[in-house]
Amino acid sequence: IYLLSVYKTQKTFSNNKVETIITLNNVTEDRKIEETKREFFSHASHELKSPLTAILGYAELVSLNMVEKEEYLEIIQRIYNQANHMSLLVEDMSILSRLETLTEREEFHEIVNLNKVLKETLYTLEPFINEKNIYINLIEEQIEYKCIELDINKLFKNLIENAIKYSNDNGSIEIRLYQDREYVVFEVKDEG
């Protein structure tokens, strides 16, 4: 996709009179990025509506005293799960926004303890792990790495979340984090 601009002029360049200058700018990549952003935000807003509707519905049932005492714990857990789902979507949107403003010159400015980030990620995903009664087999070496912590957290979360999503109830997921010469290796293996 090219953006065409036409300029009228009466200039002389190298003894040649120029009356019109035409420039072509390749904007294909920019348009693809804009389209991807539009699709993402459309999808995200749709995805936010479902948990929000569920939360409002459960809250209304509780406020109208339409919930039996023995159902309260289950309702609270459902509200928590839906709110957590919304939180993950909002986090995705904030990461996308941050990545848009990231410059190529921005440096990885911090030494990050990857084991700490991994454990925090597993902690935030605990409700989903418990919901499907999944056993996590964690094999790790202590690793510190120069990077952006938020990006590593997102990487861990994305891969582990997919493993949970595609695992059967009562299944197991093996997670390995180790150093292999000059590389850091992060592996997630599920049974799905």
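These numbers come from a predicted model, not from an experiment.

What counts as what
Residues numbered from 1 in each chain as written. Predicted model: local features only at pLDDT ≥ 70, side-chain atom pairs only at ≥ 80, totals over all residues. Heavy atoms only, no water. 1 Å grid on protein atoms, 1.4 Å probe; cavity = no way out; pocket = protein on both sides within 12 Å on 5 of 7 lines; lining within 4 Å. Points joined across faces, edges and corners; volume = space filled by probe spheres on them. Helix = DSSP H or I, 4+ residues; strand = E, 2+ residues; numbered from the N terminus. Nonpolar A, V, L, I, M, F, W, Y, C, P; charged D, E, K, R; others polar. Pairing = 2+ DSSP bridges. Axes fitted to C-alpha atoms, helices over the stretch in contact; angles between N-to-C directions. Contact = heavy atoms within 4.5 Å. Patch = residues over 30% accessible without salt bridge, like charges linked within 9 Å, V, L, I, M, F, W, Y side chains within 5 Å. Areas by Shrake-Rupley, 256 points an atom, 1.4 Å probe, with all protein chains shown as cover. Salt bridge = Lys/Arg side-chain N within 4 Å of Asp/Glu carboxyl O. Buried < 20%, exposed > 50% of the residue type's maximum accessible area, 1.4 Å probe, protein only. Arc of directions from axis to C-beta. Polar contact = N/O pair within 3.5 Å; in protein donor to acceptor, adjacent residues only side chain to side chain. Core = buried A, V, L, I, M, F, W, Y, C linked by side-chain atoms within 4.5 Å.

Caption draft 1: Layout of the layout of surface pockets. What the largest pocket holds in volume is close to 670 Å³. Taken together, 22 residues form the lining of the largest pocket, with His85, Leu88, Phe128, Glu161 and Lys165 sitting closest to its centre. Listed by contribution, the elements that provide at least two residues to the lining of the largest pocket are α1 (28-63), α2 (72-101), α4 (126-131) and α5 (149-165). For the lining of the largest pocket, a count of residues per class yields seven nonpolar, six polar and nine charged.

Caption draft 2: Layout of the sheet that holds strand β4 (residues 135-140). Strand order in the open sheet formed by three strands is β4-β6-β7, and the pairing between neighbours is mixed. A strand with exactly one partner marks an edge of an open sheet, and here the two such strands are β4 and β7 (183-189). Between one strand and the next, the sheet's axes are offset by a mean angle of 10°, whatever the strand orientation. Of the pairings in the sheet, the one linking β4 to strand β6 (residues 172-180) comprises six bridges and is parallel in character. Bridge pairing links Tyr135 to Ser172 in β6. Relative to β4, helix α3 (residues 114-124) is tilted by about 175°, and along the sheet it contacts β4, β6 and β7.

Caption draft 3: Main features of a nonpolar patch on the surface. A surface patch of nonpolar side chains, amounting to about 560 Å² of accessible area, comprises Tyr2, Leu4, Val6, Ile22 and Leu24. Elements with a contribution of two residues or more to the nonpolar patch: β1 (2-13) and β2 (16-26). The greatest single-element share of the nonpolar patch, amounting to three residues, is contributed by β1. Mapped onto the elements, Leu4 comes out in strand β1. Given the relative accessible area of 52%, Leu4 is considered exposed.

Caption draft 4: Looking closely at the pairing of β7. Relative to β7, β6 runs antiparallel, the two sharing seven bridges. Within β7, the residue paired with Glu174 across the bridge is Lys189. Linking β6 back to β7 in an antiparallel pair, the connection comprises two residues, with Arg181 at a positive phi of about 55°.

Caption draft 5: Quick look at α3. Taken residue by residue, α3 has Leu114, Asn115, Val117, Leu118, Thr121 and Leu122 as its buried positions. One side of α3 carries all its buried residues, which in axial view fall inside an arc of 160°. For α3, the N-terminal cap is Asn113; the gap from its side-chain oxygen to the backbone nitrogen of Asn115 is 2.9 Å.

Caption draft 6: Inspection of the nonpolar core at higher detail. Counting residues in hydrophobic clusters, the biggest one holds 21 residues, and the most contacted among them are Leu114, Leu118, Phe156, Ile160 and Ile164. Of all the secondary-structure elements, those providing two or more residues to this core are α3, α4, α5 and β6. Element by element, the count of residues in this core is highest for α5, at five residues. With near-sequence residues (within four places) excluded, Leu114 lies in contact with Ile143, Tyr145, Cys147, Ile152, Phe156, Leu177 and Val184.

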